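# Survey of secondary and tertiary structure
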Amino acid sequence: FFTARHVPAGWFSEWASKEVRFPVFAIQDATRDIGAIAVDASDTLHLRATELAGLTPLDQNEKARYGMRESNAALAFRYESPGYAATITADRVDPRVTAETYSFFTVNRESLRAHYEIIYNIEKSKLDSVQLVLPARTPSSLSIYGLGGTGVKEFFQETAGSNRIWTVSLNQSADDRVHVAVDFLMPVDKNELQLPIVEAAGVAYQSGLLSVEGSPE
């Protein structure tokens, strides 16, 4: 047997759905050509055959005949002659994410020290980045770092109305749990104190807790 590698054009770019032609090969000068093809993917992709020519789907019993008894390939087909073709569409699976937020505040005479922890619980797919939202009145310069094995590569913010949306890029894709922390110090209004509560963005559900500690002064 031999191994070949083919990367479709634009495969590593950002896309939600992509069509791929199955790469066909043949044995030169062969008088007969029969066989099977199979397509598998990670849990982050859903595969479907959108165009087939000269191919018949294989059931689990037929896979053994073609050496695929243990295969869990999402798609498998047999062919009886050369000239077969297949177009496969890959759809990225949207992850389901829930979050837990924890906001800790220490109020001093002239400043507010904030520490947040946000835990993102991920199902069905992977994430390369997460987002969190803070009020626009919070500082544009702060510290964001990972906890519990989460690595933060970089982070940046954009202002949207009365909020700052922070995007946190991860060192590596995560498929189960992301734990990040945020720290900053900001001045307070002596007449009215509004606590800047953090929110996780792009999640199906979130719950939160907060703690407020006053200065001895």
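Everything that follows concerns the structure shown earlier in this document.
In this text, all values refer to a predicted model and were calculated from it rather than measured experimentally.

Attention shifts here to the overall build of the protein chain. In terms of regular secondary structure, the protein chain is built from 1 helix and 15 strands. Here the C-alpha radius of gyration of the protein chain, 26 Å, is well above what a compact globule of 217 residues would show, namely 17 Å. Looking at the protein chain residue by residue over its 217 residues, the buried ones come to 35%. Working note: accessible area of the protein chain is about 13700 Å², and carbon and sulfur atoms make up 47% of it. Both charge centroids of the protein chain, one from 20 positive and one from 28 negative side chains, sit 3 Å from each other.

According to the stated counting rule, one finds 3 salt bridges in the structure shown. When salt bridges with common partners are traced through the structure, they connect Glu 62, Arg 78 and Glu 80 into a single cluster.

If you look at the biggest cluster of nonpolar residues, it comprises 29 residues, and the most contacted ones within it are Tyr 116, Ile 118, Tyr 120, Leu 132, Leu 134 and Val 182. Of all elements in the fold, only strand 7 (96-107), strand 8 (111-123), strand 9 (127-135), strand 12 (163-174) and strand 13 (177-187) reach the threshold of two or more residues within this core. For this core, the leading source of residues is strand 8, giving 6 residues. Apart from the residues within four sequence positions on either side, Tyr 120 is in contact with Val 97, Thr 98, Ala 99, Val 130, Gln 131, Leu 132, Asp 176, Arg 177, Val 178, Val 180, Ala 200 and Val 203.

What follows is about the sheet that holds strand 12. Strand order in the open sheet formed by 4 strands is 11-12-9-14, and the pairing between neighbours is antiparallel. Of all strands in the sheet, those bounded by a partner on one side alone are strand 11 (152-160) and strand 14 (199-201). Across the sheet, the mean angle separating the axes of adjacent strands is 30° when strand polarity is ignored. In this structure, strand 9 lies alongside strand 12, joined through 8 bridges in antiparallel fashion.

Attention now moves to the layout of surface pockets. Taken as a whole, the largest pocket encloses approximately 810 Å³ of empty space. Mapped by element, the contributors of at least two residues to the lining of the largest pocket are strand 2 (35-39), strand 3 (45-53) and strand 6 (85-92). Sort the elements by how many residues they give to the lining of the largest pocket and strand 2 lands first, with 4 residues. Considering only residue class, the lining of the largest pocket consists of 20 nonpolar, 2 polar and 2 charged. Along its surface, the second largest pocket is lined by 18 residues, and Glu 14, Arg 92, Ser 125, Lys 126 and Asp 128 are the ones closest to its centre. Residues belonging to the lining of the second largest pocket are distributed by class as follows: 8 nonpolar, 5 polar and 5 charged.

Okay, the sheet that holds strand 2 next. Taken together, the 3 strands give an open sheet; going across it, the order is 2-5-4, and neighbouring strands pair in antiparallel fashion. Unpaired on one side and paired on the other, strand 2 and strand 4 (56-57) mark the two borders of the sheet. Note that strand 4 and strand 5 (residues 75-79) share 2 bridges and pair antiparallel. Within the sheet, the bridge partner assigned to Thr 56 lies in strand 5 and is Arg 78.

It is worth spelling out the environment of Asp 128 at this point. Its location among the elements puts Asp 128 in strand 9. For the pair Asp 128 and Gln 172, spaced 44 residues apart in sequence, the C-alpha separation works out to 6.5 Å. When near neighbours in sequence (up to four residues on either side) are disregarded, Asp 128 contacts Val 168, Ser 169, Leu 170 and Ser 173. A polar atom in the side chain of Asp 128 sits 2.2 Å from the side chain of Ser 173.

Definitions and limits used
Residues numbered from 1 in each chain as written. Predicted model: local features only at pLDDT ≥ 70, side-chain atom pairs only at ≥ 80, totals over all residues. Heavy atoms only, no water. Helix = DSSP H or I, 4+ residues; strand = E, 2+ residues; numbered from the N terminus. Rg over C-alpha atoms; globule rule 2.2 N^0.38 Å. Buried < 20%, exposed > 50% of the residue type's maximum accessible area, 1.4 Å probe, protein only. Areas by Shrake-Rupley, 256 points an atom, 1.4 Å probe, with all protein chains shown as cover. Lys, Arg positive; Asp, Glu negative; His and termini not counted. Charge placed at Lys NZ, Arg CZ, Asp CG, Glu CD. Salt bridge = Lys/Arg side-chain N within 4 Å of Asp/Glu carboxyl O. Core = buried A, V, L, I, M, F, W, Y, C linked by side-chain atoms within 4.5 Å. Contact = heavy atoms within 4.5 Å. Pairing = 2+ DSSP bridges. Axes fitted to C-alpha atoms, helices over the stretch in contact; angles between N-to-C directions. 1 Å grid on protein atoms, 1.4 Å probe; cavity = no way out; pocket = protein on both sides within 12 Å on 5 of 7 lines; lining within 4 Å. Points joined across faces, edges and corners; volume = space filled by probe spheres on them. Nonpolar A, V, L, I, M, F, W, Y, C, P; charged D, E, K, R; others polar. Polar contact = N/O pair within 3.5 Å; in protein donor to acceptor, adjacent residues only side chain to side chain.

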